[in-house]
Amino acid sequence: MKRAVGPEVWHRAQTGHLETWVGYAEKRVAEAPERIAAWRALLETVEARAPTKPGERVLDIGCGLDTVLEFLPEVSRYTLDPLASQLVPMGLTPGIRHTAGVFESLPFPDQTFDRVFLLNVLDHVRAAAEGLAEIARVSQPGAVLVVSVDTFAGRRYVAKRLHKWWGRMRGARTKHPWVFSVPALQRMLESTGFEPALPERIPLAKPRRTLFVSRRRG
Ligand SMILES: C[S@@+](CC[C@H](N)C(=O)[O-])C[C@H]1O[C@@H](n2cnc3c(N)ncnc32)[C@H](O)[C@@H]1O
């Protein structure tokens, strides 16, 4: 799998994200009952695997306009998103420490966090493995990593990758520079310092959105 996409591809994708968040703010999507139910369903699945302890330090990377941490009030909450400076004035959850930055270079000391969420972000980044290794660096040994990402299998996976490659050749804009299969994601997690994780379905999410609850190797 490639190591990184070009900065111009990533910057074009970020323009698309900002447009999405402006639309979400206008339509008040964060307050929609379906959106809130989806966050709660995801958290219920995660809690069944790795329950949160009060006072944990938790980071939500690539939070967008409404962080899942809104529903974990008893932990010490941090977010990071490249668009944070635009998202905070647009209404990104108050009362949480928001930082602007990219996960390939996390502005936090080693072993800061007990839990990291990376929800629907990994196929949008510039360098996926580089960022996962950074998450391992800022995580305590045994810390929980929650990843959700769209995965594809068989002919659909091959077709998607070809489509992405052709799009890049033509300079087309895509919000998803990366395409993952379950085994590719599992290999990447293990090679960057995390324990093996099984793929799971997320209730109320589209079937290809796959959940991995892993832990940093101790
Ligand atoms: C599809 S949104 C996901 C938002 C939210 N986590 C969710 O599940 O609804 C992807 C987010 O990832 C952020 N992002 C893109 N590249 C990133 C990077 N290299 N590091 C951290 N966040 C990134 C984007 O700014 C965008 O807000």
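Use the structure listed above.
Scope of this entry: the structure provided in the associated data block. Starting from 1, residues in each chain are numbered consecutively following that chain's sequence as written. Owing to the predicted nature of the model, reporting of local features is limited to residues with pLDDT of at least 70; listing and counting of side-chain atom pairs is limited to 80 or more, with chain, interface and lining totals taken over all residues. Hydrogen atoms and water are omitted, and side-chain values are computed over all heavy atoms in the structure.

1. Quick look at the overall build of the protein chain
Formally: Helix and strand labels come from DSSP, where a helix needs a run of H or I of at least four residues and a strand needs a run of E of at least two; each type is numbered from the N terminus. For the radius of gyration, the atoms used are the C-alpha atoms, and the globule rule reads 2.2 Å times the number of residues raised to 0.38.
Tallying secondary structure elements over the protein chain gives 6 helices and 7 strands in all. Going from N to C terminus, the protein chain has its helices and strands arranged as α-α-β-β-α-β-β-α-β-α-α-β-β. Relative to the globule expectation of 17 Å for 218 residues, the C-alpha radius of gyration of the protein chain, 17 Å, shows essentially globular dimensions. Projected onto its principal axes, the C-alpha coordinates of the protein chain cover approximately 50 × 40 × 35 Å.

2. What to know about the site of the ligand
Inclusion rule: We define proximity as follows: a residue is near a molecule or strand when any one of its heavy atoms falls within 4 Å of that partner. Polar contacts here mean pairs of N or O atoms no more than 3.5 Å apart (in protein, one a potential hydrogen donor and the other a potential acceptor; neighbouring residues in sequence count only if both atoms are side-chain atoms). Here the open area of atoms and residues is found with the Shrake-Rupley method and a 1.4 Å probe, where only the protein chains shown may cover a residue. Throughout this entry, Asp, Glu, Lys and Arg are counted as charged residues, while Ala, Val, Leu, Ile, Met, Phe, Trp, Tyr, Cys and Pro are counted as nonpolar. The remaining residues, Gly among them, count as polar.
Surveying the vicinity of the ligand reveals 21 residues, the closest of which are Gly-62, Asp-81, Phe-103, Glu-104 and Leu-119. The contact in question runs from a nitrogen atom of the ligand to an N or O atom on the side chain of Trp-10, over 3.0 Å. When the free accessible area of the ligand is taken as 600 Å², the share hidden by the protein chains comes to 95%. Elements supplying a minimum of two residues to the shell around the ligand: helix 1 (7–27) and helix 2 (33–49). If one sorts the elements of the shell around the ligand by residue count, helix 1 sits on top with 4 residues. Residue composition of the shell around the ligand, by class: 12 nonpolar, 6 polar and 3 charged.

3. Remarks on helix 5 (residues 154–170)
Residue pairs three or four apart in sequence face the same way in an α-helix, which turns once every 3.6 residues. Where we set the bar: Take the residue count of a helix, subtract one, and multiply by 1.5 Å to get its expected span. The cut-offs for exposure are 20% and 50% of the maximum accessible area for each residue type, with area from a 1.4 Å probe on protein chains only; residues under the lower value are buried, those over the upper are exposed, and the others partly exposed. By construction, the arc corresponds to the directions joining the helix axis to the C-beta atoms. Should any heavy atoms of two residues lie within 4.5 Å, those residues are considered in contact.
With 17 residues, helix 5 extends 25 Å from end C-alpha to end C-alpha; this agrees with the ideal 24 Å at 1.5 Å per step. Residues Tyr-157, Lys-164 and Gly-167 constitute the buried set of helix 5. The buried residues of helix 5 occupy an angular sector of 95° when the element is viewed end-on, so they sit on one face. Among the exposed residues of helix 5, those pointing more than 90 degrees away from its buried face are Gly-154, Arg-155, Leu-162, Met-169 and Arg-170. On its buried side, helix 5 packs onto helix 6 (182–191). Once helix 5 finishes, Gly-171 follows within two positions and takes phi at roughly 75°, a positive value.

4. Description of the pattern of salt bridges
Selection rule: Take a side-chain nitrogen of Lys or Arg and a carboxyl oxygen of Asp or Glu: if they are within 4 Å of each other, that pair is a salt bridge.
Counted according to the given criterion, the structure contains 11 salt bridges. With a shortest N-O distance of 2.8 Å, Glu-56 and Arg-115 are connected by a salt bridge. Of this pair, Glu-56 sits in the loop between helix 2 and strand 1 (57–61) while Arg-115 sits in strand 4 (residues 113–119); the two residues are 59 residues apart in sequence, bridging distant segments of the chain. Among the charged side chains, a salt-bridge network with shared partners connects Asp-150, Lys-206, Arg-208 and Arg-209.

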